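So you can see what is in the structure, the chains are spelled out below.
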Amino acid sequence: MPHRTFFWFIIPSLTAMILFIAFPVISVITQSLHVEHEKVLISSESCGPFGCKQVTVIDVEATAQLRTDQPLGQFSGFDNYTNRNHLAFDEISLAWSNSENMSMFFNKLLNLPFYKALAFTLTYTFVVTPFVIVLGLAIALGVNALPKFAKGPTIFVSLLPMIVTPLIGSLILFWMIDGDGVIGASIQSLFNDPSLSLKASPALTWMMLIVYGIWHSAPFSFIVFYAGLQTVPTDTLEAATIDGANRWQRIRYVVVPYMKPLVVFITLMQLMDNFRVLEPIVSFASEASATSLSWIIYKDLTSDTQLFGSAAATSMLTIVGVAILLLPVLFRTWRDFSRTAH
Amino acid sequence: MSNPAQRRSTSLAIISTGFVVLWIMVAAPPFLWTLWGSFKVQGDFFSKADWTNALYGVRTMIETGDFFTTNGYYGAWVEHGFGESVINTTIVVVSTVIISLTLGTLGGYALARSGFKYSFWILMLALVFRAMPHITLVSGYFLPFFEWNIWGYLPTSIIVLVAINQPFTLWMLHSFFLNIPKDLDESAMVDGCTRFQAFRHVIIPVMWPGVVTTGLFSFLLAYNDFAVTASLLSQENQTMIPKIASFLGTTQVEGNVMFAVAAVVSAMIPLFILVMFFQRQIVSGLTAGAVKG
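Residues numbered from 1 in each chain as written. Chains lettered and ligands numbered in written order. Predicted model: local features only at pLDDT ≥ 70, side-chain atom pairs only at ≥ 80, totals over all residues.

## Description of the nonpolar core
Counting 163 residues, the largest nonpolar core has Leu278 of chain A together with Ile244, Ala263 and Val264 of chain B as the members making the most contacts within it. Each of two domains, domain 1 (4-74) and domain 2 (79-292) of chain B, supplies a minimum of three residues to this core. If we ignore the near neighbours within four places in the chain, the residues touching Ala263 of chain B are Ala76, Phe82, Ile244 and Phe247 of chain B. (Core = buried A, V, L, I, M, F, W, Y, C linked by C-beta atoms within 7 Å. Buried ≥ 20, exposed ≤ 12 C-beta atoms within 10 Å, placed from the backbone. Domains from an automatic or database assignment. Contact = placed C-beta atoms within 7 Å.)

Structure, rendered in structure tokens:
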């Protein structure tokens, strides 16, 4: 295909991506270096019958004027990145010097909003992803062994947790584990402890969010593995059986190597998707015990005083996080591609 | 399963079937439970006394005189105007799917047919874009959209969703077009068609399975989106998902959680119907990317 034709075919799609994905990133970078204007204050002396005193009032008109003239706010360099709500260097060094031991330090660290969110986001990503892969493979092996008539309905049911809107899926789970919901109430009566609440304890909230994540994503890896299993050659499996391999050995040494590229694919997708976890935190209203990077951006953007500078700084840090997370996988893909290309 | 060595391990077969049954017990019941419970009153669905009340509708019987009540649905659809957000969702989803497929088929076709190195880099760029958390992009939209006065309207959200959809759409359609033999359009061009005519008359008639599958995923992405629609739509233009999210706050205060439950069930039903009819396409779509690597 000549360059010109290629250009005309790709241009609409490329324009959309550049305008609404690449430019926003530039806009985020600019915003992250600015901070909202301070309110314009006027101090005047007001004199009454009992003497004069200094009065400070907010000049509403001038403040509004300043904000429309320079909607970006004022330039603040890297302040947005280093302040208490983000990387919080000052607070960390203070906590470091004031803490007697590591656990005290970590306690203080995890009280800082950014690190609290980062801790949960990373835990969620790195717990959910391996669980999803192992569980998905197990379900795929199980479904593969089912009689033919049962496969269709099983796949239908299995797709549901993945296909359903994340906000809705997590809400459904949240209502069930509510103190008065079916699972929550059953657990209370099981442990005979009416005050037991899955929502009150941070550890249990983290666990429930992770359980939701696995429930939501396991179908994806199941389907990918299930399709992969159909491509494993039966000859190799039979040869392994004749050589005396038992079922476990056949899975370990024949099936799993065939699944390896699929594992890379699922890991890549899962790392991307789990790192952006947002909806379950909104549904579970879990901000007291668990927040995520996406959630703190969302909160900055939708609260009454929208903090664009702060949201942009967190966004940049999140993008850097995604990049670090995906670099090994992307590097691998690139290496494989250049190997096959030559 | 005629192989005797495979047949021997009945205990393993029982374990693996048991495992699948266990998984089904985890996957499906939450939906059935919520569907059933949405026709009860709050005192049953969130029963302090006994969870079986939700099954038998004890309080529902006392409060409404019937085992089933549609009060939740009445509250959501009539009192809280859930219907409007359903219309908004329909507009957003249909437009997003149509526009993303139009842009995506053109781009995906070009990427599949061009052997140049830059087409690989465009695909890599798309993958990088795919990795961006949506909310980080959304934080870049606010100020420009406020400046241009286009914040809060449906078309803005549609175009944003189309753009966010593009990386995925391009990848998927690219791999579908790779499966259509090159000879098909190239022989048309030998016969005197231009590239676009070959695309129009030869490729379009055979590309529909791939387009339907990709369309399904675009549909799901637009329908399930929360980050974009919740932050870029004004109160009166809200689609279903942000509407449900805002229900959470208000209904909790009013003690009308059942409105939210009914809204959730209403939003979930179309998805189930979709899976029922397009299960095969969804499965093939999920694996298309994986098999190609």
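## Some thoughts on the interface of chain B and chain A
The partner chain A presents 82 residues to the 83 residues of chain B that form the contact. Among the elements that make up the side of chain B that touches chain A, the one with the highest residue count is helix H17 (residues 257-292) of chain B (14 residues). In the side of chain B that touches chain A, the residues fall into 58 nonpolar, 20 polar and five charged. (Helix = DSSP H or I, 4+ residues; strand = E, 2+ residues; numbered from the N terminus. Nonpolar A, V, L, I, M, F, W, Y, C, P; charged D, E, K, R; others polar.)

## A closer look at unusual backbone geometry
Unlike most non-glycine residues, Ala285 of chain A shows phi in positive territory, near 45 degrees. Summarising the element assignment, Ala285 of chain A is placed in the loop between helix H13 (279-284) and helix H14 (293-302).

## Let's talk about the domain arrangement of chain B
All names here are of chain B. Looking at the assigned domains, one finds that chain B contains domain 1 (4-74) and domain 2 (79-292). Put simply, the middle of domain 1 and the middle of domain 2, counted by C-alpha atoms, are 32 Å apart. With 12 residues of domain 1 at the contact, the number on the domain 2 side is nine residues. Within the residue set of the side of domain 1 that touches domain 2, elements represented by two or more residues are helix H3 (29-37), helix H4 (42-45) and helix H7 (71-79). Considering only residue class, the side of domain 1 that touches domain 2 consists of six nonpolar, six polar and no charged.

## Here's the deal with the pairing of strand E2 (residues 41-48) of chain A
Residue and element names in this part refer to chain A. Counting buried residues along E2, only zero of its eight residues qualify, which leaves the element largely exposed. Pairing analysis gives eight bridges linking E2 to strand E3 (residues 51-58), with the strands arranged antiparallel. Looking at the pairing, Ser46 lines up with Lys53 of E3. Here E2 folds back onto E3, and the loop between the two strands holds two residues. (Pairing = 2+ DSSP bridges.)

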